[in-house]
Amino acid sequence: LTLTDGMPLVVSNLQHNVDATSSLEALAIPCEVSLLNWTEPSCPVLEEHPADVIIGTDVVYDLTAIDPLVSLLETLLNKRGSTSAAASSSSSSSPRSRDPCAILAIAHRSAATIEVFKK
């Protein structure tokens, strides 16, 4: 599990929360935290561990953020390359055999933002 944000202060807070939760031995899986700039999607953690599922909540506030987000999602979801295509065509129903996907929850703040996002 990798948690990211584009703002260093938010990343610092995420790391604090992960550390606090880890100290309680309450995490079922390892969790990493990393800074991720949508316009410069270089994130060593994500390059080492291609995404099976990307979950984003309330990630779009303005129209100018949509194109970089879509481009980043395409890049991250395609990093699995040919091994993903081979796994997808198998008959196995394990999570690794499914195509990678993104699940986004966005607040309806503006009709224009929603319409651009749909395109």
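Since this is a predicted model, take the numbers as computed values, not measurements.

1. Section: the overall build of the protein
- Along the backbone of the protein there are five helices and four strands.
- The order of helices and strands in the protein, counted from the N terminus, is β-α-β-α-β-α-α-β-α.
- For the protein, with 119 residues in total, the buried portion stands at 24%.
- When contacts within the protein are restricted to residue pairs at least 6 apart in sequence, those whose partners lie at least 24 apart make up 62%.

2. Considerations on the layout of surface pockets
- Computed from the structure, the largest pocket encloses a volume of approximately 1200 Å³.
- In this structure, the largest pocket is lined by 36 residues; those nearest its centre are Thr 2, Leu 3, Thr 4, Ile 54 and Ile 55.
- Contributions of two or more residues to the lining of the largest pocket are made by strand E1 (2-5), helix H1 (8-23), strand E3 (53-57) and helix H3 (66-78).
- Per element, the largest residue contribution to the lining of the largest pocket is five residues, and it comes from E3.
- Its residues placed into classes, the lining of the largest pocket shows 23 nonpolar, seven polar and six charged.

3. Description of the environment of Ile 103
- Note on placement: Ile 103 falls in strand E4 (residues 101-105).
- Expressed as a C-alpha distance, the spacing of Ile 103 and Ile 54, which sit 49 residues apart in the sequence, is 6.2 Å.
- Setting aside chain neighbours within four positions, we find Ile 103 in contact with Val 53, Ile 54, Ile 55 and Gly 56.

4. Observations concerning the nonpolar core
- Listed in full, the 11 residues of the largest apolar core are Leu 36, Ala 51, Ile 54, Val 59, Val 60, Ile 66, Leu 69, Leu 72, Leu 73, Leu 76 and Leu 77.
- Excluding its chain neighbours within four sequence positions, the residues that come into contact with Val 60 are Ile 66, Leu 69, Arg 109, Thr 113 and Phe 117.

5. Quick word on the environment of Asp 52
- As for its position among the elements, Asp 52 is in the loop between helix H2 (44-48) and E3.
- Residue class for Asp 52 comes out partly exposed when judged on its relative accessible area of 22%.
- Each C-alpha atom of the pair Asp 52 and Asn 78 lies 9.8 Å from the other, and the pair is 26 residues apart in sequence.

6. Considering H1
- An ideal rise of 1.5 Å per residue puts 22 Å on 16 residues; H1 measures up with 22 Å between its terminal C-alpha atoms.
- Phi for Glu 25, located one or two positions after H1, is positive at around 55 degrees.

7. Quick notes on the pairing of E3
- By the alternation rule, side chains of E3 split into Ile 54 and Gly 56, which are all buried, and Val 53, Ile 55 and Thr 57, of which none is buried.
- Inspection of the sheet shows E3 paired to E4 by five bridges, in the parallel sense. Paired with Val 53 across the two strands is Cys 101, which belongs to E4.

8. What about the confidence of the model for the protein?
- This prediction gives the protein a mean pLDDT of 77; 80% of its residues lie at or above 70.
- Here helix H4 (residues 81-89) stands out as the least confident element of the protein, with mean pLDDT 39; H1 is the most confident, with 92.
- Predicted confidence for residues 82-93 stays below pLDDT 50, and this span has nine contacts to residues more than four positions away or in other chains.

Parameters at a glance
- Residues numbered from 1 in each chain as written.
- Predicted model: local features only at pLDDT ≥ 70, side-chain atom pairs only at ≥ 80, totals over all residues.
- Heavy atoms only, no water.
- Helix = DSSP H or I, 4+ residues; strand = E, 2+ residues; numbered from the N terminus.
- Buried < 20%, exposed > 50% of the residue type's maximum accessible area, 1.4 Å probe, protein only.
- Contact = heavy atoms within 4.5 Å.
- 1 Å grid on protein atoms, 1.4 Å probe; cavity = no way out; pocket = protein on both sides within 12 Å on 5 of 7 lines; lining within 4 Å.
- Points joined across faces, edges and corners; volume = space filled by probe spheres on them.
- Nonpolar A, V, L, I, M, F, W, Y, C, P; charged D, E, K, R; others polar.
- Core = buried A, V, L, I, M, F, W, Y, C linked by side-chain atoms within 4.5 Å.
- Expected span 1.5 Å × (residues − 1).
- Pairing = 2+ DSSP bridges.
- pLDDT = per-residue confidence, 0-100.

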